2 protein chains.
Amino acid sequence: MVRWEPGARERLQAAALERFGARGFDGTTVAEIAAAAGLTERTFFRHFADKREVLFAGQDEFERLFVAGIEEAETTDPVAIIAVALDGAAAFFPDDRRSWSRMRQVVIDADPGLQERELLKLSGLATTMTGALRRRGFDATAAALAAESGVAVFRVGFATWIAEGEDRPLAAILRAVLAELRSLVCAPRT
Amino acid sequence: MVRWEPGARERLQAAALERFGARGFDGTTVAEIAAAAGLTERTFFRHFADKREVLFAGQDEFERLFVAGIEEAETTDPVAIIAVALDGAAAFFPDDRRSWSRMRQVVIDADPGLQERELLKLSGLATTMTGALRRRGFDATAAALAAESGVAVFRVGFATWIAEGEDRPLAAILRAVLAELRSLVCAPRT
């Protein structure tokens with residue numbers, strides 16, 4: 001018998017993060033997460049393949065937002081295309097997700113295996129974006145450079161978004177970081 | 001009794017790569033690598049902590065070249081500083097290393113664990129470069145962006161350097177890729 005548990009996914013994510021923070025990622029079991037959320041292990045596994053997936057769920061949707069931005073941008077300027085993609089991706093991180101993202105980062109920073117997983121995710125994003133840019137007619141080098149630059153802006157902007165005391169929305173931060181990249185690269189200080 | 005084996009390190013690296021290519025990374029033991037090089041396991045472990053280190057040895061020297069470039073560049077233009085750092089790092093990959101680097105990439109591309117290790121290495125490089133740029137007076141965001149851009153140029157340029165049929169030296173490729181980044185970011189096509 002499969003029962004529908006309203007909000008089960010969010011309860012499991014909140015419970016998992018709380019346990020990971022208190023006991024470490026390795027020190028936490030799926031059984032403990034499920035119990036802390038008042039749910040069964042079976043319910044856990046209906047939502048996540050394993051405990052690591054609690055931290056990395058949504059990768060497809062995340063990449064899809066970047067790709068949609070690249071495909072839909074009504075410009076051929078690569079920086080403007082990346083700006084549209086970043087705007088789209090920012091929608092994945094509304095402000096009510098910021099404190100969860102902060103806690104998630106603490107858990108990831110404490111575990112080299114999770115750091116590697118996060119890097120692999122961002123590297124996969126760069127590869128996916130490179131493909132989308134090539135389909136828009138950029139050559140291999142230009143597409144790779146624009147994609148890597150977009151990911152770099154996202155990484156720097158995301159770290160700023162979850163920094164203590166920061167309260168600007170992610171979209172605004174990403175726009176500011178992209179503008180700073182342009183100013184850094186294009187305005188020689190001699 | 002410790003014997004000095006001239007060229008032992010290079011023989012071990014060549015033998016390891018040949019075995020990894022033929023049998024896969026997981027399918028190769030240190031004993032086999034040592035035997036293929038005509039050396040003992042004890043000699044292997046004088047040169048490398050484990051078989052993975054054969055593929056990743058030299059990280060400290062590699063990072064040191066980037067940092068030295070950042071420290072020594074006689075300019076305050078961030079792109080020019082990155083250019084000096086990339087020039088310095090290119091010295092780590094002379095042309096007679098290209099075929100070894102090509103084979104190494106094939107081995108890494110075939111193994112997710114090695115890919116993660118490679119990403120962690122490049123992420124560490126970006127962090128180290130960010131630190132060096134901050135010591136040169138760039139603020140946190142500018143330093144991180146310049147470092148990430150430098151690593152992106154290195155990644156794209158290195159992939160070009162080891163591509164089949166490519167024969168330009170790495171330093172020349174990195175200069176061309178950096179110029180392309182500048183042109184991409186600074187020359188709107190509307």
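Just so we're clear, the structure is a prediction, and the values are computed from it rather than from any experiment.

Student: For this particular structure, what's the right way to read the packing of aromatic side chains?
Tutor: Two aromatic rings, taken as a pair, are described by how far apart their centres are and by the angle between their planes. Counted by the stated rule, this structure contains 28 aromatic pairs over all chains. With 5.6 Å between their ring centres and 45 degrees between their planes, Phe44(B) and Phe48(B) make a pair best called tilted. Since its relative accessible area comes to 3%, Phe48(B) is described here as buried. Note on Phe62(B) and Phe66(B): the rings are 5.2 Å apart at their centroids and 85 degrees apart in plane angle, and the pair reads as edge-to-face. Pair noted here: Phe62(B) and Phe66(B) are both in helix 5 (residues 59-72), with a separation of four residues, about one helical turn. Phe66(B) carries the same exposure label as Phe62(B), and that label is buried. Through a chain of ring-to-ring contacts, the aromatic side chains of Phe62(A), Phe66(A), Phe92(A), Phe93(A), Phe154(A), Phe158(A) and Trp161(A) assemble into a single cluster. Here the guanidinium or amino end of Arg117(A) rests over the ring plane of Phe56(A), the centre of that ring lying 4.6 Å away. When the ring centre of Phe62(A) is taken as origin, the NZ or CZ atom of Lys121(A), which lies over that ring, is 5.2 Å away.

Student: Sorry if this is basic, but what is going on with helix 7 (residues 98-109) of chain B here?
Tutor: Count 3.6 residues to each turn of an α-helix, and residues three or four apart come out pointing the same way. All names here are of chain B. Over its 12 residues, helix 7 runs 16 Å from end to end, which matches the ideal 16 Å to within 8%, given 1.5 Å per residue. Every buried residue belonging to helix 7 is among Arg98, Trp100, Ser101, Arg104, Gln105, Val107 and Ile108, and all of these are buried. At its buried positions, helix 7 is contacted by helix 1 (8-23), helix 4 (51-56), helix 8 (112-135) and helix 9 (140-161).

Student: How should I be thinking about the relation of the copies chain A and chain B in this particular structure?
Tutor: Applying a rotation about an axis and a shift along it to one chain copy brings it onto the other copy. Superposition record for chain A on chain B: RMSD 0.0 Å, screw rotation 180 degrees, translation along axis 0.0 Å. Here the two chains are linked by the operation of a two-fold rotation axis. A high fraction, 100%, of the interface residues of chain A reappear at the interface in chain B, so the copies pair face to face through one surface.

Student: In this structure, what is going on with the side chain of Lys51(A)? I would like to understand it.
Tutor: All names here are of chain A. Note that Lys51 resides in helix 4 (residues 51-56). Despite its burial, Lys51 pairs with no opposite charge, the nearest such side chain being Asp26 at 4.7 Å. Side-chain polar atoms of Lys51 contact the backbone oxygen of Phe25, separated by 2.8 Å. Ignoring sequence-local partners within four residues, the contact set of Lys51 consists of Phe20, Phe25, Asp26, Thr28, Val30, Ile33 and Phe44.

Student: What should I look at first to understand the interface of chain A and chain B in this one?
Tutor: Interface size is commonly expressed as the accessible area that is lost once the parts come together. Contacts between chain A and chain B engage 32 residues on the former and 32 residues on the latter. Buried surface at the junction of chain A and chain B, both sides included, amounts to about 3100 Å², of which 67% is carbon and sulfur. Along the contact surface separating chain A from chain B lie two salt bridges. Where Arg155(A) meets Glu148(B), a salt bridge forms, and the shortest distance between an N and an O atom there is 3.6 Å.

Student: Mind showing me how you'd approach the side chain of Thr130(B) here?
Tutor: With respect to the element layout, Thr130(B) can be found in helix 8. Setting aside chain neighbours within four positions, we find Thr130(B) in contact with Ala143(B), Ala144(B) and Ala147(B).

Scoring rules and cut-offs
- All residue numbers refer to position in the chain's written sequence, counted from 1.
- Written order decides the labels, with chains lettered from A and ligands numbered from 1.
- A pLDDT threshold of at least 70 governs which residues receive local features in this predicted model, and a stricter bar of 80 or more applies before side-chain atom pairs are shown or counted, although totals over entire chains, interfaces and linings include all residues.
- Only hydrogens and water are set aside when side-chain values are computed; all heavy atoms of the structure are taken into account.
- Pairing of aromatic side chains here covers Phe, Tyr and the six-membered ring of Trp, requires ring centres within 6.5 Å, and sorts the geometry by plane angle: under 30 degrees stacked, over 60 edge-to-face, intermediate tilted.
- Exposure categories follow from relative accessible area, calculated using a 1.4 Å probe and restricted to protein chains: below 20% of the type maximum is buried, above 50% is exposed, and the middle band is partly exposed.
- In this text, helices come from DSSP runs of H or I with a minimum length of four residues, and strands from runs of E with a minimum of two, each type numbered from the N-terminal end.
- For a Lys NZ or an Arg CZ to count as sitting over a ring, it must be within 6 Å of the ring centre and within 35 degrees of the ring normal.
- Here the expected span of a helix is defined as 1.5 Å times the quantity of residues minus one.
- Should any heavy atoms of two residues lie within 4.5 Å, those residues are considered in contact.
- When the copies are superposed, the least-squares fit draws on C-alpha atoms of residues that have pLDDT of at least 70 in both.
- Positive residues here are Lys and Arg, negative ones are Asp and Glu, while His and the chain termini are left out of the count.
- For salt bridges, the criterion is a side-chain nitrogen of Lys or Arg within 4 Å of an Asp or Glu carboxyl oxygen.
- Between N or O atoms, a polar contact is any pair within 3.5 Å; within protein, one atom must be a potential hydrogen donor and the other a potential acceptor, and residues adjacent in sequence are included only when both atoms are from side chains.
- The term buried area refers to how much accessible surface (probe radius 1.4 Å) is lost by two components on association, counted for both of them together.

That is the geometry; function is a separate question.
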